[in-house]
Amino acid sequence: MKLLVTGGTGYIGSHTCVELLQAGHAVVIADNLSNSSSAVLERIARIAGKAPAFHKLDLRDAQGLQALLQRNPVAAVMHFAGVKAVAESVADPLKYYDNNVNGSLTLFAAMREFGVKRVVFSSSATVYGAQAVSPIGERAATAPANPYGRTKLMIEEMLRDLCTADPEFRAVALRYFNPVGAHVSGLIGEAPQGTPNNLMPYICQVAAGKLPELRVFGKDYPTKDGTAIRDYLHVTDLARGHVQALDYLERVPGFSAVNLGTGRGTSVLEMLQTFERVNQVRVPWKSADRRPGDTVITYADPALAGTALNWRTQRTLEDMCRDAWRWQKSGLAD
Ligand code: NAD
Ligand code: UDP
């Protein structure tokens, strides 16, 4: 299948391009490089043995998108492109509504014009409300707590409406839990700009001596060690989920939302200790106040992904820590 991958030079998109190319698909990437580098393209090609095509393009550029789809008839779109920092979305909501919602609207309009009727969308567990009880199933109420999460839900609703309006249009929204780690080759991974907000890249930078210590946000949560619990999954497992979602769209009409997670919860301290143990490296840390807006315990019920997508995670927390550290040490993360 020939596919358009928006945001394909980014963290999750690049890993998914590798899996798509290895599964025999042809890949055309559209990315404005606002949070990624074209240097990734050559590394994707080295891993997969095949190169993706690349177009530097902003999704809000309707004419550019139309020209791209005219020259590249694609069977489906994988839609990763967007901005994703929760705190920034609170400070600058219009950036998020413009980039994510407007960008998606422009993309879906161009798809309609060129008869492209399959889309796999990067959604997030942040669409669930803070009150959702873990394990969180897809039927849990949605109530995102910040503008970033609201853009994800709005895009899901757009896709739902498009599926209702056109019975041939099919969409799956993959609700990611906490993707971490890097490709086992050490050639691609997450390269956050500035000081990282997320736990794993922060741990990596402390271990590398770039940051003095990890602040563990919250020490008296009602969990076994007092720190908050998340469902971390390896980015390569997540990428494989997208290949499976493509097959699923061939079989199942309409709109679906599917969780991608392991179904297991890991505390901040468990993550920290696993990282130190498997990599034989010290990560200095101290307890700090709770981070505003954090949930206490969030992990997926991934049963639907198992039955519908025939997908389950294969990689362990140890793999995530090992691969993240290999990537950090490669020097390519900077
Ligand atoms: P990323 O920033 O590494 O990748 C996003 C890519 O999209 C970047 O390469 C960026 O340059 C590009 N981009 C952004 N706005 C664009 C625009 N208007 N036009 C064209 N390209 C644009 O982020 P990621 O972690 O790979 O996330 C990919 C998707 O998955 C995002 O939609 C994100 O919201 C979603 N998601 C990520 C996580 C996570 O923890 N990383 C969790 C849940 C959902
Ligand atoms: N966390 C932490 N210190 C950090 C970054 C994160 O203690 O420097 C904690 C955070 O409070 C949360 C968990 O690690 O409990 C995962 O945070 P992350 O931002 O990676 O994911 P999210 O909270 O968005 O699920």
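For the structure itself, consult the block above.
All of the points below concern the structure found in this document. Treat the numbers as computed from the prediction; the structure is a model and nothing was measured.

For the protein, the helix and strand inventory stands at 11 helices and 13 strands. When the backbone C-alpha atoms are referred to their principal axes, the protein occupies close to 55 × 40 × 40 Å. Expressed as a percentage of its 334 residues, the buried residues of the protein come to 54%. Carbon and sulfur atoms provide 50% of the accessible area of the protein, an area that totals close to 14400 Å².

Let us now look at the site of ligand 2. Neighbouring ligand 2 are 15 residues; Arg215, Phe217, Arg230, Arg291 and Asp294 lie closest to it. For ligand 2, an oxygen atom lies 2.8 Å from a polar atom in the side chain of Arg291. Asp294 places a side-chain nitrogen or oxygen 2.5 Å from an oxygen atom of ligand 2. Its free accessible area being 510 Å², ligand 2 has 87% of it covered by the protein chains. A total of four residues in the shell around ligand 2 trace back to one element, the largest contributor, which is strand β8 (residues 214-217). Tallied by class, the residues present in the shell around ligand 2 amount to eight nonpolar, three polar and four charged.

Attention shifts here to the side chain of Thr266. Looking at the secondary structure, you find Thr266 in strand β12 (residues 266-267). Once you skip the residues sitting within four places of it in the chain, Thr266 turns out to touch Ala228, Ile229, Arg230, Tyr232, Met271 and Leu317.

As a further point, take the nonpolar core. Within the largest apolar cluster, 38 residues are counted, with the highest numbers of intra-cluster contacts made by Leu20, Val120, Val172, Leu174 and Leu260. For this core, the element with the most residues is helix α8 (residues 235-251), which contributes seven residues. Sequence-distant contacts of Leu174, defined by excluding residues within four places in its chain, comprise Val120, Phe121, Ser122, Ser123, Ser124, Gly241, His242, Ala245, Val258, Leu260 and Leu309. Judged by nonpolar contacts, the second largest core, of 27 residues, contains Phe108, Val116, Phe121 and Leu159.

Here we take up the environment of Pro167. By the element assignment, Pro167 lies in the loop between α6 (147-165) and β6 (170-176). Sequence separation of Pro167 and Gly254 is 87 residues, and the distance between their C-alpha atoms is 6.9 Å.

Here we come to the environment of Thr262. Within the element layout of this structure, Thr262 appears in the loop between β11 (254-260) and β12. Taking the C-alpha atoms as reference points, Thr262 and Ala305, separated by 43 residues in sequence, lie 10 Å from one another. Excluding anything up to four places from it in sequence, Thr262 contacts Asp231, Tyr232, Leu233, Pro302 and Thr313. In this structure the side chain of Thr262 is engaged in a polar contact, spanning 2.9 Å, whose partner is the backbone nitrogen of Arg264.

Moving on: unusual backbone geometry. Where the residue is not glycine, phi is negative for most of them; where a peptide bond is considered, it is trans in most cases. Note the cis peptide between Ser134 and Pro135, where omega equals 0°. Note that Pro135 resides in the loop between β5 (118-124) and α6. Phi at Asn310 takes a positive value of approximately 60°, unusual for a residue other than glycine. Position of Asn310 among the secondary structure elements: in the loop between α10 (303-308) and α11 (317-329). What makes Asn310 exposed here is its relative accessible area of 54%.

Read across the open sheet, the seven strands follow the order β3-β2-β1-β4-β5-β6-β11; overall the sheet is parallel. In this open sheet, the two strands that pair with only one neighbour each are β3 (53-56) and β11. On average, each strand axis in the sheet is tilted by 20° relative to the strand beside it, whichever way the strands run. For β5 and β6, the ladder comprises seven bridges, and the chain directions are parallel.

Below, the discussion takes up the packing of aromatic side chains. Inspection of every chain in the model, using the stated rule, returns two aromatic pairs. A centroid spacing of 6.5 Å and a plane angle of 90° characterise the contact between Tyr96 and Tyr148, whose relative ring orientation is edge-to-face. Taken together, the positions of Tyr96 in helix α5 (residues 93-113) and Tyr148 in helix α6 put the pair 52 residues apart, joining distant regions of the chain. For Tyr148, a relative accessible area of 10% gives the class buried.

Once that is clear, we can look at α8. Residues spaced three or four apart along an α-helix face the same direction, because each turn holds 3.6 residues. Over its 17 residues, α8 runs 25 Å from end to end, which matches the ideal 24 Å to within 8%, given 1.5 Å per residue. When you tally the buried positions in α8, you get 13 out of 17 residues, the bulk of the element.

Here we take up the site of ligand 1. The full set close to ligand 1 counts 27 residues, and Asp31, Asn35, Ser36, Lys84 and Tyr148 are the nearest of them. Ile12 is positioned with one of its backbone polar atoms (N or O) 2.8 Å from an oxygen atom of ligand 1. In this structure, an oxygen atom belonging to ligand 1 sits 2.8 Å away from a side-chain N or O atom of Lys152. Here ligand 1, which alone exposes 820 Å², has 95% of that area covered by the protein. Counting only elements with at least two residues in the shell around ligand 1, the list comes to α1 (11-22), β5 and α6. If one sorts the elements of the shell around ligand 1 by residue count, β5 sits on top with three residues.

What counts, and at which threshold
- Numbering of residues begins from 1 in every chain and follows the order in which that chain's sequence is written.
- Starting at A for chains and at 1 for ligands, labels are handed out in the order in which the entities are written.
- Local features in a predicted model are, by the rule used here, given only for residues with pLDDT of at least 70; side-chain atom pairs are given and counted only at 80 or more, and totals for whole chains, interfaces and linings are based on all residues.
- Remark: hydrogens and water are excluded; side-chain values derive from all non-hydrogen atoms of the structure.
- Secondary structure counts use DSSP, requiring at least four H or I residues in a row for a helix and at least two E residues in a row for a strand, with both numbered from the N terminus.
- Only protein chains enter the accessibility calculation, which uses a 1.4 Å probe; a residue whose area is less than 20% of its type maximum is buried, one above 50% is exposed, and one in between is partly exposed.
- Areas reported here follow the Shrake-Rupley algorithm with a probe of radius 1.4 Å; residue values treat only the protein chains shown as occluding.
- The near set for a molecule or strand comprises every residue that places at least one heavy atom within 4 Å of it.
- N or O atoms closer than or at 3.5 Å make up a polar contact, with two conditions inside protein: a donor-capable atom paired with an acceptor-capable one, and, for residues adjacent in sequence, both atoms drawn from side chains.
- All amino acids are sorted into three groups, where Ala, Val, Leu, Ile, Met, Phe, Trp, Tyr, Cys and Pro are nonpolar, Asp, Glu, Lys and Arg are charged, and the leftover types, Gly among them, are polar.
- The contact criterion used throughout is that any non-hydrogen atoms of two residues lie within 4.5 Å.
- Here the nonpolar core consists of buried residues drawn from Ala, Val, Leu, Ile, Met, Phe, Trp, Tyr and Cys, with membership extended through side-chain atoms lying within 4.5 Å.
- Here, strands pair whenever DSSP counts at least two bridges between them.
- In this analysis, axes come from line fits to C-alpha atoms, helices being fitted only over the stretch in contact, and the angle between any two N-to-C directions falls in the range 0 to 180 degrees.
- In summary, the pairing rule links any two rings of Phe, Tyr or Trp, Trp by its six-membered ring, whose centres are within 6.5 Å, and it sorts them by plane angle into stacked for under 30 degrees, edge-to-face for over 60 and tilted for everything else.
- In this analysis, the expected span of each helix is defined as 1.5 Å times one less than the number of residues it contains.

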